[in-house]
Amino acid sequence: MKKIISLLLAAIMVFSLFGFASAEGESTEKEALRFNKDGSFKIMQIADIQDIYIFRKLTRMFLEDLLEKEKPDLIVLTGDNISPGAGFMKWMVKISMNNFMKIFEEAKIPVAIVYGNHDAENKLTKEEQWEVYEKYDCFIGVRDSEELTGYGTYYLP
(Lines give C-alpha, C1' and ligand atoms only; values in the text may rest on other atoms or scores of the structure.)
Protein backbone atom coordinates (compact mmCIF):
# COMPACT_ATOMS: atom_id res chain seq x y z
CA MET A 1 0.00 0.00 0.00
CA LYS A 2 2.86 2.38 0.81
CA LYS A 3 4.37 1.75 -2.62
CA ILE A 4 1.07 2.58 -4.34
CA ILE A 5 0.74 5.83 -2.39
CA SER A 6 4.37 6.69 -3.14
CA LEU A 7 3.86 6.03 -6.84
CA LEU A 8 0.65 8.09 -6.88
CA LEU A 9 2.35 10.97 -5.11
CA ALA A 10 5.36 10.71 -7.44
CA ALA A 11 3.04 10.88 -10.46
CA ILE A 12 1.34 13.97 -9.03
CA MET A 13 4.72 15.59 -8.44
CA VAL A 14 6.01 14.73 -11.94
CA PHE A 15 2.93 16.18 -13.61
CA SER A 16 3.22 19.32 -11.50
CA LEU A 17 6.70 19.84 -12.95
CA PHE A 18 5.26 20.33 -16.44
CA GLY A 19 4.25 23.84 -15.40
CA PHE A 20 0.57 23.68 -16.18
CA ALA A 21 -0.72 27.07 -17.23
CA SER A 22 -4.17 28.53 -17.11
CA ALA A 23 -6.29 29.11 -20.18
CA GLU A 24 -5.08 32.71 -20.13
CA GLY A 25 -1.46 31.56 -20.11
CA GLU A 26 -0.84 32.46 -16.48
CA SER A 27 0.38 29.93 -13.97
CA THR A 28 -1.39 29.31 -10.71
CA GLU A 29 -0.49 31.23 -7.58
CA LYS A 30 -1.02 28.20 -5.37
CA GLU A 31 2.11 26.80 -3.81
CA ALA A 32 3.20 23.46 -5.24
CA LEU A 33 3.31 20.36 -3.06
CA ARG A 34 6.83 19.24 -2.22
CA PHE A 35 8.48 16.32 -0.49
CA ASN A 36 10.01 17.08 2.90
CA LYS A 37 13.80 17.32 3.19
CA ASP A 38 13.91 13.73 4.45
CA GLY A 39 12.00 12.56 1.34
CA SER A 40 8.77 11.94 3.21
CA PHE A 41 5.29 13.21 2.36
CA LYS A 42 2.33 12.22 4.53
CA ILE A 43 -1.16 12.19 3.05
CA MET A 44 -4.11 12.03 5.41
CA GLN A 45 -7.29 10.74 3.82
CA ILE A 46 -10.52 11.71 5.54
CA ALA A 47 -13.85 10.36 4.33
CA ASP A 48 -17.44 10.76 5.41
CA ILE A 49 -17.20 13.76 7.70
CA GLN A 50 -20.91 14.25 6.94
CA ASP A 51 -21.28 16.99 9.47
CA ILE A 52 -24.02 19.61 9.63
CA TYR A 53 -24.14 23.32 10.37
CA ILE A 54 -24.27 22.64 14.11
CA PHE A 55 -20.76 21.18 14.25
CA ARG A 56 -20.45 18.21 16.53
CA LYS A 57 -17.87 18.76 19.25
CA LEU A 58 -16.69 15.17 18.89
CA THR A 59 -16.01 15.68 15.16
CA ARG A 60 -13.98 18.83 15.86
CA MET A 61 -11.96 17.17 18.61
CA PHE A 62 -11.34 14.09 16.44
CA LEU A 63 -10.06 16.16 13.49
CA GLU A 64 -7.89 18.40 15.67
CA ASP A 65 -6.38 15.41 17.50
CA LEU A 66 -5.65 13.63 14.20
CA LEU A 67 -3.88 16.65 12.76
CA GLU A 68 -1.83 17.14 15.89
CA LYS A 69 -0.81 13.50 16.10
CA GLU A 70 -0.16 12.77 12.41
CA LYS A 71 1.05 16.16 11.12
CA PRO A 72 0.10 15.46 7.48
CA ASP A 73 1.56 17.30 4.50
CA LEU A 74 -1.72 16.99 2.56
CA ILE A 75 -5.32 16.24 3.50
CA VAL A 76 -7.53 14.58 0.90
CA LEU A 77 -11.23 14.65 1.70
CA THR A 78 -12.56 11.66 -0.21
CA GLY A 79 -16.26 12.25 -0.36
CA ASP A 80 -19.40 12.70 1.65
CA ASN A 81 -17.89 15.79 3.19
CA ILE A 82 -21.34 17.22 3.86
CA SER A 83 -24.31 15.39 5.31
CA PRO A 84 -27.37 15.20 3.07
CA GLY A 85 -29.20 16.71 6.05
CA ALA A 86 -26.76 19.62 6.37
CA GLY A 87 -29.58 22.10 6.13
CA PHE A 88 -32.52 23.24 4.13
CA MET A 89 -30.88 26.52 3.14
CA LYS A 90 -27.65 27.21 1.22
CA TRP A 91 -26.12 29.21 4.07
CA MET A 92 -26.47 26.19 6.36
CA VAL A 93 -24.49 24.02 3.93
CA LYS A 94 -21.78 26.71 3.70
CA ILE A 95 -21.52 26.76 7.49
CA SER A 96 -21.24 22.95 7.46
CA MET A 97 -18.31 23.19 5.03
CA ASN A 98 -16.70 25.97 7.05
CA ASN A 99 -16.82 23.87 10.21
CA PHE A 100 -14.20 21.44 8.95
CA MET A 101 -12.37 23.66 6.44
CA LYS A 102 -11.48 26.27 9.07
CA ILE A 103 -9.76 23.56 11.13
CA PHE A 104 -7.53 22.72 8.15
CA GLU A 105 -7.06 26.41 7.36
CA GLU A 106 -5.91 27.16 10.91
CA ALA A 107 -3.53 24.19 10.79
CA LYS A 108 -2.13 25.51 7.47
CA ILE A 109 -2.37 22.09 5.83
CA PRO A 110 -3.13 21.88 2.09
CA VAL A 111 -6.47 20.26 1.26
CA ALA A 112 -7.82 18.52 -1.84
CA ILE A 113 -11.38 17.24 -2.15
CA VAL A 114 -13.29 14.53 -3.94
CA TYR A 115 -17.08 14.58 -4.04
CA GLY A 116 -19.18 11.71 -2.75
CA ASN A 117 -22.82 10.87 -3.37
CA HIS A 118 -24.04 12.77 -0.31
CA ASP A 119 -22.19 15.89 -1.42
CA ALA A 120 -24.67 16.09 -4.31
CA GLU A 121 -27.65 15.62 -1.98
CA ASN A 122 -27.75 19.06 -0.43
CA LYS A 123 -28.71 22.61 -1.37
CA LEU A 124 -25.39 23.52 -3.04
CA THR A 125 -24.40 22.22 -6.45
CA LYS A 126 -20.87 20.88 -6.89
CA GLU A 127 -20.02 24.14 -8.67
CA GLU A 128 -21.28 26.17 -5.72
CA GLN A 129 -19.38 23.93 -3.30
CA TRP A 130 -16.23 24.41 -5.41
CA GLU A 131 -16.63 28.17 -5.06
CA VAL A 132 -16.78 27.78 -1.28
CA TYR A 133 -13.69 25.55 -1.17
CA GLU A 134 -11.74 27.99 -3.37
CA LYS A 135 -12.17 30.72 -0.74
CA TYR A 136 -9.88 28.84 1.65
CA ASP A 137 -6.15 29.40 1.32
CA CYS A 138 -5.56 25.78 2.32
CA PHE A 139 -7.52 24.44 -0.67
CA ILE A 140 -5.05 23.69 -3.45
CA GLY A 141 -7.18 22.36 -6.31
CA VAL A 142 -6.70 24.15 -9.63
CA ARG A 143 -9.28 24.11 -12.45
CA ASP A 144 -7.74 26.39 -15.01
CA SER A 145 -8.02 24.41 -18.20
CA GLU A 146 -10.99 23.96 -20.50
CA GLU A 147 -9.98 20.30 -20.82
CA LEU A 148 -10.82 19.73 -17.14
CA THR A 149 -14.58 19.36 -17.25
CA GLY A 150 -16.93 19.01 -14.33
CA TYR A 151 -16.43 20.12 -10.76
CA GLY A 152 -14.21 17.74 -8.87
CA THR A 153 -11.89 17.30 -11.85
CA TYR A 154 -8.73 19.30 -11.29
CA TYR A 155 -5.03 19.00 -10.65
CA LEU A 156 -2.80 19.71 -7.70
CA PRO A 157 0.21 22.01 -8.18
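First, a word on what this report is: a plain description of the structure on this page.

### A closer look at the pairing of strand β1 (residues 43–46)
Right, so step 1: Judged by which residues are buried, β1 turns out to be one-sided: M44 and I46 face inward and are buried, whereas I43 and Q45, on the alternate face, are not.
Right, so step 2: In this structure, β1 lies alongside strand β2 (residues 74–78), joined through four bridges in parallel fashion. Each bridged residue has a counterpart across the sheet, and for M44 the counterpart in β2 is I75.
Right, so step 3: In this fold, β1 hands off to helix α2 (residues 57–70), which returns the chain to β2; that crossover is right-handed.

### Structural notes on the environment of E64
Right, so step 1: Relative to the assigned elements, E64 resides in helix α2.
Right, so step 2: With 36 residues separating them in the primary sequence, E64 and F100 have C-alpha atoms 9.7 Å apart.

### Observations concerning the sheet that holds β1
Right, so step 1: As summarised here, the arrangement of the three strands in space is β1-β2-β3, forming an open sheet in which the pairing is parallel. Looking at the sheet topology across the chains shown, the edges are occupied by β1 and β3 (111–114). Taking each pair of neighbouring strands and ignoring which way they run, the sheet shows an average axis angle of 20°.
Right, so step 2: As paired strands, β2 and β3 are joined by four bridges and run parallel to one another. Each residue of the ladder has a partner; that of L77, found in β3, is I113.
Right, so step 3: Packed on one face of the sheet, helix α3 (residues 90–107) meets β1, β2 and β3 and runs near 165° to β2.

### Focus on a nonpolar patch on the surface
Right, so step 1: Taken together, the side chains of F88, M89, W91 and I95 make up a nonpolar region of the molecular surface, amounting to roughly 420 Å² of accessible area.
Right, so step 2: With respect to the helices and strands, the residue F88 is situated in the loop between β2 and α3.

Reading guide: rules and limits
- Residues numbered from 1 in each chain as written.
- Predicted model: local features only at pLDDT ≥ 70, side-chain atom pairs only at ≥ 80, totals over all residues.
- Heavy atoms only, no water.
- Buried < 20%, exposed > 50% of the residue type's maximum accessible area, 1.4 Å probe, protein only.
- Helix = DSSP H or I, 4+ residues; strand = E, 2+ residues; numbered from the N terminus.
- Pairing = 2+ DSSP bridges.
- Right-handed = clockwise from strand over helix to strand, strands pointing away.
- Axes fitted to C-alpha atoms, helices over the stretch in contact; angles between N-to-C directions.
- Contact = heavy atoms within 4.5 Å.
- Patch = residues over 30% accessible without salt bridge, like charges linked within 9 Å, V, L, I, M, F, W, Y side chains within 5 Å.
- Areas by Shrake-Rupley, 256 points an atom, 1.4 Å probe, with all protein chains shown as cover.
- Salt bridge = Lys/Arg side-chain N within 4 Å of Asp/Glu carboxyl O.

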